[in-house]
Amino acid sequence: MGPGLVDCHCHLSAPDFAGDLDDVLEKAKKANIIALVAVAEHPGEFERIMQLSERYAGFILPCLGVHPIQGLSPENQRSVTLKDLDVALPIIENYKDRLLAIGEVGLDFSPRFAGTDEQKEEQRQVLIRQVQLARRLGLPLNVHSRSAGRPTISLLREHEAETCETVAFDFYLLRNRFTCTRTRKTDTE
């Protein structure tokens with residue numbers, strides 16, 4: 001396979017792709033995309049992501065994790081809880097040998113989702129446990145951060161997420177999305 005691009009964060013298990021996924025993937029390949037990193041937000045997506053990674057082996061690469069915001073529809077979204085993570089962990093463990101990374105994980109302190117200190121602390125605890133899981137499994141993290149950039153980076157450093165081979169971050173700044181990758185080998189951001 002020659003040079004190409006890798007989409008390091010996409011939500012291919014979303015219902016938006018139910019009717020035309022094959023067409024979307026074909027267009028991606030024509031645009032010189034050589035791999036798609038499919039991330040999860042909740043356990044309800046895990047099986048679909050794993051099925052896609054089997055069907056499109058080597059092209060769709062699976063990440064399983066629990067996002068800081070939970071809810072199947074925009075109207076029902078809420079801050080993550082440790083109970084959400086407890087549901088996810090056995091499934092992640094089941095697929096650990098087939099995962100590219102743990103993700104999408106992180107912190108989202110948007111006031112409409114995490115308006116209390118208790119909600120923010122529970123998000124931190126969920127993220128800490130997923131960092132520990134990634135370190136134990138030797139997997140990188142795919143990290144989301146919105147309204148929590150400094151707390152996210154601080155927590156990752158405090159819990160030695162840098163020991164993971166690669167950590168990919170998604171930050172939302174002024175409605176623009178920026179992605180940076182920090183690699184342990186080069187220590188660059």
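Residues numbered from 1 in each chain as written. Predicted model: local features only at pLDDT ≥ 70, side-chain atom pairs only at ≥ 80, totals over all residues. Heavy atoms only, no water.

## With respect to helix 5 (residues 149–158)
- Among the residues of helix 5, Thr152, Leu155 and Leu156 are the ones counted as buried. One side of helix 5 holds all its buried residues, which, seen down the axis, span an arc of 100 degrees. Exposed residues pointing more than 90 degrees away from the buried face of helix 5 are listed as Arg150 and Glu158. (Buried < 20%, exposed > 50% of the residue type's maximum accessible area, 1.4 Å probe, protein only. Helix = DSSP H or I, 4+ residues; strand = E, 2+ residues; numbered from the N terminus. Arc of directions from axis to C-beta.)

## Here we look at the pattern of salt bridges
- The final tally for this structure, using the stated rule, is ten salt bridges.
- A salt bridge links glutamate 93 to lysine 96, with the nearest nitrogen and oxygen atoms 3.7 Å apart.
- Classification of glutamate 93 as partly exposed rests on a relative accessible area of 26%.
- The exposure class of lysine 96 is partly exposed, given its relative accessible area of 32%.
- Note that arginine 135 and glutamate 160 form a salt bridge whose closest N and O atoms lie 3.3 Å from each other. Taken together, the residues arginine 135 in helix 4 (residues 117–137) and glutamate 160 in the loop between helix 5 and strand 8 (166–173) connect sequence positions 25 residues apart.
- For arginine 135, a relative accessible area of 38% corresponds to the partly exposed category.
- Here the residues in one salt-bridge network are Glu93, Lys96 and Arg136, joined through shared partners. (Salt bridge = Lys/Arg side-chain N within 4 Å of Asp/Glu carboxyl O.)

The values are spatial; any link to function lies outside them.
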